[in-house]
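Per-entry structural report
Letter by letter, the chains look like this.
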Amino acid sequence: MSSKQQRYEALVQAFHKDIYRYAYWLCHDSSISQDLVQETFLRAWKSLDSLKDVNAAKSWLITILRRENARRFERKQFDLVDMDDVPLADDTSMDAEAAMEQQLIRRQIQMLAPEYREPLLMQVIGGYSGDEIAAALGLNKNTVMTRLFRARNQLKEALENSSELRRQGNG
């Protein structure tokens, strides 16, 4: 038996259970886990000469496993649907008052200065965090948080004022 084969068998013997456990944790499927482990050890065999430090073998194998798992998704072809061809039903149709209120909110948001409107829309509609908004806009996170605070306050004041004006007009 060659030296390489002995090293490989020792590697499989020592880490097979750990690698399988990690594979199962990644995909939650026994047969996929077995395939991932088999692919991992096949790649390990092909690259065994690149493993210089035996103490790093487990992390080396886990890295190979993670990459094999990622390749599984690269190969997967998802069925795509052209959204322009799909009619969307309005399941949340609202009464006239709610529609007017929504239109008022949109108008008030559009009236905000761009430096306040943009981060607010990114957070509320896009779901971005303060850090993500800061990175996208090239700003400091504290600046973004201040702008979000001011945008909300300006929007609140504008909505309260328009609500007050409507009450006075009806009374």
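If you look the protein up in an unreviewed UniProt entry, it shows as RNA polymerase sigma factor from Neiella holothuriorum.

1. Thoughts on the overall build of the protein
Looking only at helices and strands, the protein features seven helices and zero strands. Starting at the N terminus, the α and β elements of the protein follow one another as α-α-α-α-α-α-α. Looking at the 171 residues of the protein, the share that counts as buried comes to 22%. For the protein, the proportion of contacts with a sequence separation of at least 24, taken over those separated by at least 6, is 58%. Within the structure as shown, the protein displays about 12800 Å² of accessible surface, and the carbon and sulfur contribution to it stands at 50%.

2. Some details on the side chain of Ser33
Positionally, Ser33 belongs in helix 2 (residues 30–46). Other than its neighbours up to four places away in sequence, Ser33 contacts Tyr20, Ala23, Tyr24 and Cys27.

3. A few points about the nonpolar core
Core analysis: the largest hydrophobic core is formed by 17 residues, its most contacted members being Leu11, Ile19, Trp60 and Leu61. Counting residues per element, the ones that place at least two in this core are helix 1 (3–27), helix 2 and helix 3 (57–75). A total of six residues in this core trace back to one element, the largest contributor, which is helix 1. Every residue in contact with Leu61, bar those within four places of it in the chain, is listed here: Leu11, Phe15, Ile19, Thr40, Phe41 and Ala44. In terms of nonpolar packing, the next biggest core, distinct from the first, is built from eleven residues, Tyr116, Leu120, Leu148 and Leu155 among them.

4. Side note on helix 6 (residues 130–137)
Residues of helix 6 that are buried: Gly130, Ile133 and Ala134. Angular distribution of buried residues about the axis of helix 6 spans 100 degrees; they occupy a single face of the element. In helix 6, the exposed residues that point more than 90 degrees away from the buried face are Ala135 and Ala136. Note on helix 6: the residue one or two positions beyond its end, Gly138, has a positive phi of about 70 degrees.

5. A short note on the environment of Ala14
Checked against the element boundaries, Ala14 lands in helix 1. Among the residues examined, Ala14 registers a relative accessible area of 47% and is labelled partly exposed. When the C-alpha atoms of Ala14 and Lys58 are compared, they prove to be 8.9 Å apart, with 44 residues separating the residues in sequence.

Conventions and cut-offs
Residues numbered from 1 in each chain as written. Predicted model: local features only at pLDDT ≥ 70, side-chain atom pairs only at ≥ 80, totals over all residues. Heavy atoms only, no water. Helix = DSSP H or I, 4+ residues; strand = E, 2+ residues; numbered from the N terminus. Buried < 20%, exposed > 50% of the residue type's maximum accessible area, 1.4 Å probe, protein only. Contact = heavy atoms within 4.5 Å. Areas by Shrake-Rupley, 256 points an atom, 1.4 Å probe, with all protein chains shown as cover. Core = buried A, V, L, I, M, F, W, Y, C linked by side-chain atoms within 4.5 Å. Arc of directions from axis to C-beta.

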